[in-house]
Amino acid sequence: MNDVSKFSVRVFAQVVATGHMQVDAIVSSDYAIKVVNILYPHDEQAVLKEREKQIQLAKTFL
């Protein structure tokens with residue numbers, strides 16, 4: 001299994017776990033950033049774009 005697959009699976013596993021422990025949502029978002037870093041090495045804008053999407057999504061639940 002390559003790193004993108006490994007961390008993508010972890011993103012989804014943490015999202016599923018969020019139903020029982022909300023702190024897992026933070027872990028999931030960080031794994032998503034790891035995936036972006038692997039897919040787009042040294043691309044700060046890609047990381048910022050992903051994090052901004054996460055922040056906007058989180059705001060919809062507040």
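Analysis parameters
Residues numbered from 1 in each chain as written. Predicted model: local features only at pLDDT ≥ 70, side-chain atom pairs only at ≥ 80, totals over all residues. Heavy atoms only, no water. Helix = DSSP H or I, 4+ residues; strand = E, 2+ residues; numbered from the N terminus. Buried < 20%, exposed > 50% of the residue type's maximum accessible area, 1.4 Å probe, protein only. Contact = heavy atoms within 4.5 Å. Expected span 1.5 Å × (residues − 1). Arc of directions from axis to C-beta. Polar contact = N/O pair within 3.5 Å; in protein donor to acceptor, adjacent residues only side chain to side chain. pLDDT = per-residue confidence, 0-100.

Enquirer: For this particular structure, what's the right way to read the overall build of the protein?
Expert: A count of helices and strands for the protein gives three helices and zero strands. Burial analysis of the protein (62 residues in total) assigns 24% to the buried set. Within the protein, contacts between residues at least 6 apart in sequence are counted, and of these 29% link residues at least 24 apart.

Enquirer: What is the right way to read helix α3 (residues 44-60) from this model?
Expert: Given 3.6 residues to a turn, an α-helix orients residues that are three or four positions apart in the same direction. The first and last C-alpha atoms of α3 sit 25 Å apart over 17 residues, in line with the 24 Å expected at 1.5 Å per residue. Of all the residues in α3, the buried ones are A46, V47, E50 and Q54. Projected onto a plane normal to the axis of α3, the buried residues spread over an arc of 100° and lie on a single side. Exposed and facing more than 90 degrees away from the buried side of α3 are E44, Q45, K49, K59 and T60. Backbone nitrogen of Q45 and a side-chain oxygen of the N-cap are separated by 3.2 Å at the start of α3; the cap is D43.

Enquirer: Sorry if this is basic, but what is going on with the confidence of the model for the protein here?
Expert: Low-confidence regions, as indicated by low pLDDT, have predicted coordinates that should not be scrutinised in detail. Residues with a pLDDT of 70 or more make up 82% of the protein, whose mean pLDDT is 82. The secondary-structure element of the protein with the lowest mean pLDDT is helix α1 (residues 3-17), recorded at 76, while α3 shows the highest, at 91.

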